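Next come the chains, spelled out residue by residue.
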Amino acid sequence: AQSVTQPDIHITVSEGASLELRCNYSYGATPYLFWYVQSPGQGLQLLLKYFSGDTLVQGIKGFEAEFKRSQSSFNLRKPSVHWSDAAEYFCAVTPSGGYQKVTFGTGTKLQVIP
Amino acid sequence: ETGVTQSPTHLIKTRGQQVTLRCSSQSGHNTVSWYQQALGQGPQFIFQYYREEENGRGNFPPRFSGLQFPNYSSELNVNALELDDSALYLCASSLGRGLRNTGELFFGEGSRLTVL
């Protein structure tokens, strides 16, 4: 069964500092990978996705993620964090094609301090 | 293009009652999925509907049931509510399945259910 691990429950960074959120997945083949962001009391918004091809993908709001097959990882990065990036971030995985069950990690809550 | 809308946004029920949550999918999307997000957790897949038929189900008991209508809107029904059913229920729409399925979900803002 597919699974997603986000080892960091809570991360605090200073505004302007760089950010990396970790995600590891477990799946037999190469899945489709996603990062979603959730602001308090809101639904989830897609930041970026990886289907195939270039392993470095660009998303909205200046985020990027790198797929590393050898490490089964899909870490999210941003060079310079803004106060508005404070939110909860979820990594997600789904099998490529067919049945569309998406499995989410438990999330990483990002706090940004001035 | 309208996004995914859910109703009601908040509701309070007591144990044993029944609840119906509603979702209108994004324009052009024919697939609706429902997720349960307990406090401090990631969303958990309940089930998915594609063209009015259930297309997959997560590890939820039969008292969680759903419908999808010809206009692709959907309902989630939960019978015999339990305290642990308190959560944010998220509806997500998407387009297609099979090779055209990208797994990309478009979420509504959710319905927050409190069971007392």
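Computed from a prediction, not measured in an experiment: that's the story for all the values here. (Residues numbered from 1 in each chain as written. Chains lettered and ligands numbered in written order. Predicted model: local features only at pLDDT ≥ 70, side-chain atom pairs only at ≥ 80, totals over all residues. Heavy atoms only, no water.)

Things to note about the overall build of chain B
Working step 1: The helix and strand inventory of chain B stands at zero helices and eleven strands.
Working step 2: Scanning chain B from its N terminus toward the C terminus, one meets helices and strands in the order β-β-β-β-β-β-β-β-β-β-β.
Working step 3: A principal-axis box enclosing the C-alpha atoms of chain B has dimensions of 40 × 30 × 25 Å.
Working step 4: When burial is assessed residue by residue, chain B has 53% of its 116 residues classed as buried.
Working step 5: Carbon and sulfur atoms make up 48% of the accessible area of chain B, which amounts to about 5600 Å² in all.
Working step 6: Taken together, the 9 basic and 10 acidic charged side chains of chain B have centroids lying 3 Å from each other. (Helix = DSSP H or I, 4+ residues; strand = E, 2+ residues; numbered from the N terminus. Buried < 20%, exposed > 50% of the residue type's maximum accessible area, 1.4 Å probe, protein only. Areas by Shrake-Rupley, 256 points an atom, 1.4 Å probe, with all protein chains shown as cover. Lys, Arg positive; Asp, Glu negative; His and termini not counted. Charge placed at Lys NZ, Arg CZ, Asp CG, Glu CD.)

Focus: unusual backbone geometry
Residues and elements named next belong to chain B.
Working step 1: Here the bond from S7 into P8 is cis, since omega is -10°, no more than 30 degrees from zero.
Working step 2: Looking at the element boundaries, P8 is found in the loop between β1 (5-7) and β2 (10-13).
Working step 3: In the Ramachandran plot, Y72 falls in the positive-phi region, its phi being about 75° despite a non-glycine side chain.
Working step 4: Overall, Y72 belongs to the partly exposed group, its relative accessible area being 27%.

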